[in-house]
Amino acid sequence: MISKEQFIKIINRLRNYNDLQDKIQDLFRENIDNQEMDFMNAGSICVGHETIVVQLLENIFNDTETISYWLYELDYGRKYEKGCFTDENGKEIDISTASYLYNYLFTQNLEKERENTDE
């Protein structure tokens, strides 16, 4: 398991990398003729290992859905709205920040470990 501080630092670096890609893509759109845009990709300029890092985080927390959902669907929590994430009983879970996401993942991981030791 990684610490909350390490998790938040990793998430912030991923978000900053993603934001940089978006800014570069916007610069291309503003400054390069549309005919050339088909051949431009901001991701090809930035070197990163986002996919590997996300997979590692998913493996660490034994969670293959929540982290990707939070990163990509909720845009690093920026699109989080009250009630958009609930548990199996319909109870709302606040994952609006990386800190809250970590708390949820950590708790879920502990519960899974307890279930495995009870068996």
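See above for the structure.
If you're wondering where the values come from, they're calculated on a predicted model, not measured in any experiment. (Residues numbered from 1 in each chain as written. Predicted model: local features only at pLDDT ≥ 70, side-chain atom pairs only at ≥ 80, totals over all residues. Heavy atoms only, no water.)

1. Remarks on the overall build of the protein chain
Defined as follows: Per the convention used, a helix needs a DSSP run of H or I reaching at least four residues, while a strand needs a run of E reaching at least two, with both numbered from the N terminus. Type-normalised accessible area, obtained with a 1.4 Å probe on protein chains alone, sets the label of each residue: buried when under 20%, exposed when over 50%, and partly exposed for intermediate values. Working rule for contacts: check all heavy atoms of both residues, and any pair within 4.5 Å makes them a contact. Methods summary: accessible areas were calculated by the Shrake-Rupley approach with a probe of 1.4 Å, and residue burial reflects only the protein chains presented.
Secondary structure summary: the protein chain contains six helices and zero strands in total. Counting only residues that meet the buried cut, the protein chain has 31% of its 119 residues in that class. Sequence separation of 24 or more characterises 53% of the internal contacts of the protein chain that already satisfy a separation of 6 or more. A total accessible area of about 8,200 Å² is found for the protein chain, and carbon and sulfur atoms account for 47% of it.

2. Here's the deal with a nonpolar patch on the surface
Applicable threshold: Patch criteria: residues need more than 30% relative accessible area and no salt bridge. Like-charged residues are merged within 9 Å; nonpolar side chains of Val, Leu, Ile, Met, Phe, Trp and Tyr are merged within 5 Å. Take a side-chain nitrogen of Lys or Arg and a carboxyl oxygen of Asp or Glu: if they are within 4 Å of each other, that pair is a salt bridge.
There is a patch of nonpolar side chains on the surface, built from M1, I52, L56, I60, F106 and L110 and spanning about 510 Å² of accessible area. Looking at the nonpolar patch, the elements that each hand over two or more residues are α4 (50–61) and α6 (98–118). The element contributing the most residues to the nonpolar patch is α4, with three residues. Structurally, the position occupied by L56 is in helix α4.

3. Digging into the packing of aromatic side chains
What counts, and what does not: The aromatic pairing rule takes the rings of Phe, Tyr and Trp, using the six-membered ring of Trp, and pairs them if the centres are within 6.5 Å, calling planes under 30 degrees apart stacked, those over 60 edge-to-face and the rest tilted.
What the rule picks out here adds up to seven aromatic pairs. The interplanar angle of 50 degrees and the centroid separation of 5.4 Å between the aromatic rings of F7 and Y102 together place this pair among those described as tilted. Pair noted here: F7 is in helix α1 (residues 4–31) and Y102 is in helix α6, with a separation of 95 residues, a long-range link. Of the residues examined, F7 reaches a relative accessible area of 0% and is grouped as buried. Classification of Y102 by relative accessible area gives buried; the value is 7%. Ring plane angle 75 degrees and centroid distance 6.2 Å describe the contact between W70 and Y76, whose orientation is recorded as edge-to-face. You'll find W70 and Y76 in the same group, each marked buried. Three or more aromatic residues link up through ring pairs in this structure, and these residues are F7, F61, Y102 and F106.

4. A look at the pattern of salt bridges
This model, assessed by the stated rule, comprises two salt bridges. Residue D75 is joined to R78 by a salt bridge in which the shortest nitrogen-to-oxygen separation is 3.2 Å. The exposure class of D75 is partly exposed, given its relative accessible area of 22%. Each of D19, D75 and R78 takes part in salt bridges that share partners, so that together they form one network.

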